[in-house]
Amino acid sequence: MAYGDSSGFIIISLSIILIIFSCICWYKIFDKMGIEGWKAFIPVYNIYLMCEYLIGAHKGWMCVLTFIPMVGAIFTLYLYFKLCQSFGYGLMFLIGFLVLNPIFIGVLGLGDCYYSDMTN
């Protein structure tokens, strides 16, 4: 790295800020869902809880589907769609959620939207 070339530092700094922002937003999303926020940071358990709350009780075992190569991608899209629906948003919000993830996670976590149980 040449003297005065600070682009690497800027990229790393922005990445760290983005990661911290996303963590705060996921904490708030879980909090809005009625789950203790710290549980958003436990790797497989957070997906298990999302399945339980978004798909229905006793469906947490479906988190195993995220580990199957092509099925995992489709199931994750379905899970994100259910997340958007449970906060009152639709398909267009899901597309934004996939394309501009940090912005739309911020809308869910820090916005004034409320979680409503859609599993009935």
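Predicted model only: the values in this text are computed from it and were never measured. (Residues numbered from 1 in each chain as written. Predicted model: local features only at pLDDT ≥ 70, side-chain atom pairs only at ≥ 80, totals over all residues. Heavy atoms only, no water.)

## Some points on the overall build of the protein
When its secondary structure is counted, the protein shows five helices and zero strands. A principal-axis box enclosing the C-alpha atoms of the protein has dimensions of 60 × 35 × 30 Å. Per-residue burial for the protein yields a buried fraction of 33% across its 120 residues. In the protein, the share of contacts with a sequence separation of at least 24, taken over all contacts with a separation of at least 6, comes to 46%. (Helix = DSSP H or I, 4+ residues; strand = E, 2+ residues; numbered from the N terminus. Buried < 20%, exposed > 50% of the residue type's maximum accessible area, 1.4 Å probe, protein only. Contact = heavy atoms within 4.5 Å.)

## Re the packing of aromatic side chains
One pass over the structure, following the stated rule, counts eight aromatic pairs. Measuring from ring centre to ring centre gives 6.4 Å for Trp26 and Phe30, while their planes differ by 70°; the resulting arrangement is edge-to-face. Linking Trp26 with Phe30, this pair stays in helix α1 (residues 7-32), spanning four residues, or about one helical turn. Residue class for Trp26 comes out buried when judged on its relative accessible area of 18%. On the basis of relative accessible area, Phe30 is assigned to the buried category, the value being 1%. Ring geometry for Tyr80 and Phe97: centres 4.9 Å apart, planes at 65°, overall edge-to-face. Taken together, the positions of Tyr80 in helix α3 (residues 69-86) and Phe97 in helix α4 (residues 91-99) put the pair 17 residues apart, joining distant regions of the chain. Note on Tyr80: relative accessible area 22%, which makes it partly exposed. (Phe/Tyr/Trp six-rings, centres within 6.5 Å; stacked < 30°, edge-to-face > 60°.)

## Brief notes about the environment of Leu98
Residue placement: Leu98 occurs in helix α4. For the pair formed by Leu98 and Tyr115, sequence separation is 17 residues and the distance between their alpha carbons is 19 Å. If we ignore the near neighbours within four places in the chain, the residues touching Leu98 are Leu77 and Tyr80.

## Here's the deal with a nonpolar patch on the surface
Nonpolar side chains collect at one region of the surface, where Leu77, Leu91, Met92, Ile95, Leu98, Val99, Leu100, Ile103 and Val107 lie side by side and expose about 850 Å² of accessible area between them. Where the nonpolar patch is concerned, the elements lending two or more residues are α4 and α5 (101-110). At five residues, the largest contribution of residues to the nonpolar patch is made by α4. Its place among the elements puts Val107 in helix α5. What makes Val107 partly exposed here is its relative accessible area of 30%. (Patch = residues over 30% accessible without salt bridge, like charges linked within 9 Å, V, L, I, M, F, W, Y side chains within 5 Å. Areas by Shrake-Rupley, 256 points an atom, 1.4 Å probe, with all protein chains shown as cover. Salt bridge = Lys/Arg side-chain N within 4 Å of Asp/Glu carboxyl O.)

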